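# Chains, contacts and geometry: an overview
Residues per chain are reported as follows:
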Amino acid sequence: MNLAAATNESLANTSNVLIYSSMAVYTLAFFAHIAEWVFGSRSKVGRTSAALAAGPASAAPAVTARVTGKGGATAVLDRPKIVTRSAAGTRDVPDGPGAAGGTFKGDLWGRIAVSLTVVAFLVQAGGVVTRAMSVRRAPWGNMYEFSITFSTVAVGTYLLLLALRKNVRWMGLMLVTTVLLDLGIATTTLYTDSDQLVPALDSVWLWIHVSTAIICGAVFYLGAVGTLLYLFRDSYENKLANGGSPGAFARSVLERLPAAASLDRFSYRVNAAVFPLWTFTIIAGAIWAGDAWGRYWGWDPKEVWSFITWVAYACYLHARATAGWKGRKAAYLALIAFGCWLFNYYGVNIFVTGKHSYAGV
Amino acid sequence: MSNTNTTEERELGAAGEQLSTAPREESAGTLPAMGAIGWVRWFWRQLTSMRVALILLFLLSLGAIPGSLIPQNSVDELKVQDFQRAHTTLTPVYEKLQLFDVYSSVWFSAIYILLFVSLIGCIVPRTYQFAGQLRSRPPGAPRRLTRLPAYTTWRTGAGPEEVREAAAGILRERRFRTHAVGDAVAAEKGYLREAGNLMFHIALIVMLVAFAAGQLLKSEGGKLIVEGDGFSNTLTQYDDFKSGSLYDDGSLVPFSFTLDDFVGTYEKNGPQRGTPRTFEARVTYAEGVDGKPEKSVIRVNEPLVVDGTKIYLIAHGYAPVVSVKDGSGKVVYRAAVPLLPIDNNITSTGAIKVMDGYRDKNGEKTQLGFEAFFVPTFAGAGKGTMFSQFPGAEFPVLALNGFHGSLGVDSGLPQNVYQLDSSEMKEFTDGDGQKLKKRLLPGETMELPDGAGSITFESVEEWASFQVSEQPGTGWALGGAVAAIAGLAGSLFIQRRRVWVRAVRGTDGVTVVEMAGLGRSESARLPEELGELAGELHTVAPTAPDATNIPESASGSGSEKPSEEPAEGAEK
Ligand code: HEM
């Protein structure tokens, strides 16, 4: 490593300013989301969707398939239409209308919130990049840097899903709130001055292993949000189906969320999609440990908790394929697995000493 | 496909059968009525069930937790000893439960061995079943295709055989395994999902076996080398050497190397002053018994690899060069003495032992010992502390006090080279009867009282310690890991699905086409794919002019896209 490449103070300051600015914009996005939920609560659309919840299976939503055949231009009406129906044993409940509840004002505020989130994301990403430039290395040398990258990736993934027209706007408020929390903790208790790396971290594996670890954490987080909301929405639907009446607040919020089945599917897909990457992260870490410490696997606390997290997610995937464990039980396993991930990040870095002692706190 | 209580559902169940090789759950409550064999069978069936695999997986993660919170012998024995000293009541309990050796404990081993037995017991029948599925054909169409998760129908002027043939062609082109059964075409795709899943589980076994073999066959030795000194790879040259129980001592790879120079640099300014920046061991090595010498640099993340053996840079420190003269002024000892760091700024301690050659002023043979305390960067006289201020050698100071008598090295007991056993020695004292001690700068000398000679701190060298490891099986472990990831990706991203196309002539002579799709569970991709297939078939068999047969429930949105379309591909 080149000692002359001293850390660049002014870039480091720019980075700090950008991170604080992004927090300000996220705060605005937070209030816009609140407005979205408040205006949406006055909607009547939500009520009717709740009434549908108890409806018969014949209300299966019909979907016209988009046909991209060679024939091209024949009128849509001439095409055969695809009828879908839910698999046996799942509730046929349509998705809620979203936070805005179908109201114009709510939707407007929701769009403002998403736009603000885009701005905040760009500013925050700028903060991460300038931090990296100030130290001329990957910006992942200590917990402050992990944290700011972590929430950048989480928001980036959310925006990417939105851009791909996936139905994810329902998680906006929760995401922005936790991003603010994450950045708050990062800039106060975890803050570390910008600096070079200790030799043990100076390796290409830093780019590979730590970047994938951060991506996995961020995406697992989105999955966990989906799982948590699934549990709430599922008990709400159960209550309705059994003729119960949820409280006014719970009803107002939960009826606007996607159907439990959709939330469940969302979190399964997200978790399943990153599980191979998490496997790769652990293996990349083992290869790096083999180079740096002379052993591939030494049951260091960080390694142990990565392994526990991995096994916990494997448990979740198995549970989904096992009769009697689908649904809520599997969801609890997913939350436990994410809890393991969180503990591996905060708990192990701060409270447990091991070879991975670079938390900088 | 659980509650198959109507004929119709049973029929659908048959269509969905063998979409995977997952073992079917049996109720745990039914206890065997037969004797020993029945019990064994029952136990085996339980062990290889998904539910028990799930529980074992859960136990495995639970069981790994204590090892991360309680110090482990395999990780840091000193920490374990500290813990045991501090917790005298807990220690015996922990020892009984093997909590200082969690990962080699009986109970932890039991969990993973059971899991892997279960895994093998699961893979073998699944592989067999899957091979069968590969040879067999997709099941024929259920009678009522309307009950399937994705369905479409239209009437066409084309003849039924023509439609079926066209459908089979289209499906084959899309690499569906296709065949005609009765009045319908049955097709299936996505077998790679199952193959990937099996590959993943097999790869897990490969990894475990490779890991276990590595543990049994590995060797790992430590060697501390002062700049200028060398090492050749034989058992006697190691400071310490550990090996797996099946390791063969004769198989050490022959090579040698010399530590030419160790370079450590540290942050000089700012709040991170003292943080390490570079560690480099510059070495000259030779492969084989008398290979050509070559130069190389070993860094923290970059071991030197010689014929499969890896040489890692593990630690470093200082070795003050001292010389000792006896009463007659003859140099009887001169060496660079490695000292062990006790803090991050490399404050170091150790012992200098003059074992033979020294004679006191009366010409009597005796031995000398010195306790050495070294700081690479001294705070300055009168600054209170004798601890180092900085890990670089900016202001090196060596503090010594000495003894004469017997070092006790002949007693036959193994001795720590960094510690002085002064039980058989007398301390040198100064004129006032005080303990003789002195702080030396490089080049300075401490005279021993009454013409007993002197000791000179000449200069400072650095030492580096290396770990030389041989770990067979890592190639297999890595291969297993790569196969596991590939298999996992196949298992999670590929969908296995079936499509049926039925074409029959209606009572009015017009052909009715029905298409339906079934996957492992509902998925947004399935209707979309069916739509594409239907679109393609529709160009061959267009809707008859008088078509009135669009199903009522399909009156839907009419939008170009499915109303909801979650992340693609990850669905089962
Ligand atoms: C020991 C007995 C085991 C059995 C009986 C077993 C069985 C199965 C089966 C039948 C599937 C297919 C499920 C499906 O297609 O959805 C599966 C999937 C899977 N198994 Fe295992 N497995 C075992 C051990 C393990 C172990 C030790 C791991 C790793 C920790 C593991 C990880 C997975 C993963 C990640 C999947 C993919 C889940 C999915 O497709 O949704 N399995 N397992």
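The rules behind the values
Sequence positions are assigned chain by chain, starting from 1 and proceeding in written order. The lettering of chains begins at A and the numbering of ligands begins at 1, in the order of writing. For a predicted model such as this one, the threshold for reporting local features is a pLDDT of at least 70, and the threshold for listing and counting side-chain atom pairs is 80 or more; totals across whole chains, interfaces and linings nevertheless cover every residue. Working from all heavy atoms in the structure, the side-chain values ignore hydrogens and water. UniProt positions are given in the numbering used here, feature names are shortened, and annotations may be inferred rather than shown by experiment. Counted as donors are N, O and S atoms no farther than 2.8 Å from the metal, or 3.2 Å for Na, K and Ca; water is not among the atoms, and sites may therefore look incomplete. The geometry test gives tetrahedral to four donors whose angles all lie between 85 and 135 degrees, gives square planar to four donors and octahedral to six donors whose opposite members are over 155 degrees apart with all other angles between 65 and 115, and gives irregular to the rest. Helix numbers and strand numbers start at the N terminus; a helix is a DSSP run of H or I with at least 4 residues, a strand a run of E with at least 2. Only protein chains enter the area calculation, which uses a 1.4 Å probe; residues under 20% of their type maximum are buried, those over 50% are exposed, and those in between are partly exposed. Domain ranges listed in this record stem from an automatic or a database domain assignment. Working rule for contacts: check all heavy atoms of both residues, and any pair within 4.5 Å makes them a contact. For any pair of parts, buried area is found by adding up, for both, the accessible area (1.4 Å probe) each one loses once the two are put together. By convention in these notes, a salt bridge is any Lys or Arg side-chain nitrogen within 4 Å of a carboxyl oxygen on Asp or Glu. Counting of polar contacts relies on pairs of N or O atoms within 3.5 Å, with two restrictions inside protein: one atom must be capable of donating a hydrogen and the other of accepting it, and residues adjacent in sequence are counted only when both atoms are side-chain atoms. When residues are grouped by polarity, Ala, Val, Leu, Ile, Met, Phe, Trp, Tyr, Cys and Pro land in nonpolar, Asp, Glu, Lys and Arg in charged, and all others, Gly among them, in polar.

Looking at an unreviewed UniProt entry, one finds chain B named Cytochrome c biogenesis protein and attributed to Streptomyces fulvorobeus. Taken directly from UniProt, the Subcellular location (unreviewed entry) text for chain B runs: "Membrane".

By the naming in an unreviewed UniProt entry, chain A goes by C-type cytochrome biogenesis protein CcsB and is assigned to Streptomyces fulvorobeus. Chain A has a UniProt comment under Subcellular location (unreviewed entry) that states "Membrane".

## Quick word on the coordination of the iron atom of the ligand
Protein coordination at the iron atom of the ligand: the donors are His-318 of chain A (NE2) and His-201 of chain B (NE2), at 1.9 to 2.0 Å from the metal. Geometry at the iron atom of the ligand is octahedral, judged from its 6 donor atoms and the angles of 76 to 179° they form at the metal. With one member in each of two chains, His-318 of chain A in helix H9 (residues 301-320) and His-201 of chain B in helix H8 (residues 191-217) form a pair that bridges those chains. There is no split in this pair, since His-318 of chain A and His-201 of chain B are both buried.

## Overview of the UniProt feature "transmembrane region" (unreviewed entry) in chain B
Residues and elements named next belong to chain B. Under the present numbering, the feature "transmembrane region" (unreviewed entry) in UniProt falls on residues 52-70, 106-128, 198-217 and 475-494. Between the C-alpha atoms that bound residues 52-70 the distance is 28 Å, and the span itself is 95% helix and 0% strand. Between the C-alpha atoms that bound residues 198-217 there is a distance of 28 Å. The span itself is 100% helix and 0% strand.

## Some details on the domain arrangement of chain A
All names here are of chain A. The assigned domain composition of chain A is domain 1 (1-46 + 93-196) and domain 2 (203-356). On the side of domain 2, 32 residues touch domain 1, which itself brings 35 residues to the contact. Of all residues in domain 1, Trp-140, Phe-150 and Trp-170 bury the most surface against domain 2, accounting for 25% of the area lost on that side. Linking domain 1 to domain 2 there are 0 salt bridges. Across the domain 1-domain 2 interface, the total number found is 9 residue pairs in polar contact (both at pLDDT 80 or more). Only helix H1 (9-40), helix H4 (143-163) and helix H5 (172-188) provide two or more residues apiece to the side of domain 1 that touches domain 2. Broken down by element, the residue count for the side of domain 1 that touches domain 2 peaks at 10 residues, all from H4. Broken down by class, the residue content of the side of domain 1 that touches domain 2 amounts to 20 nonpolar, 11 polar and 4 charged.

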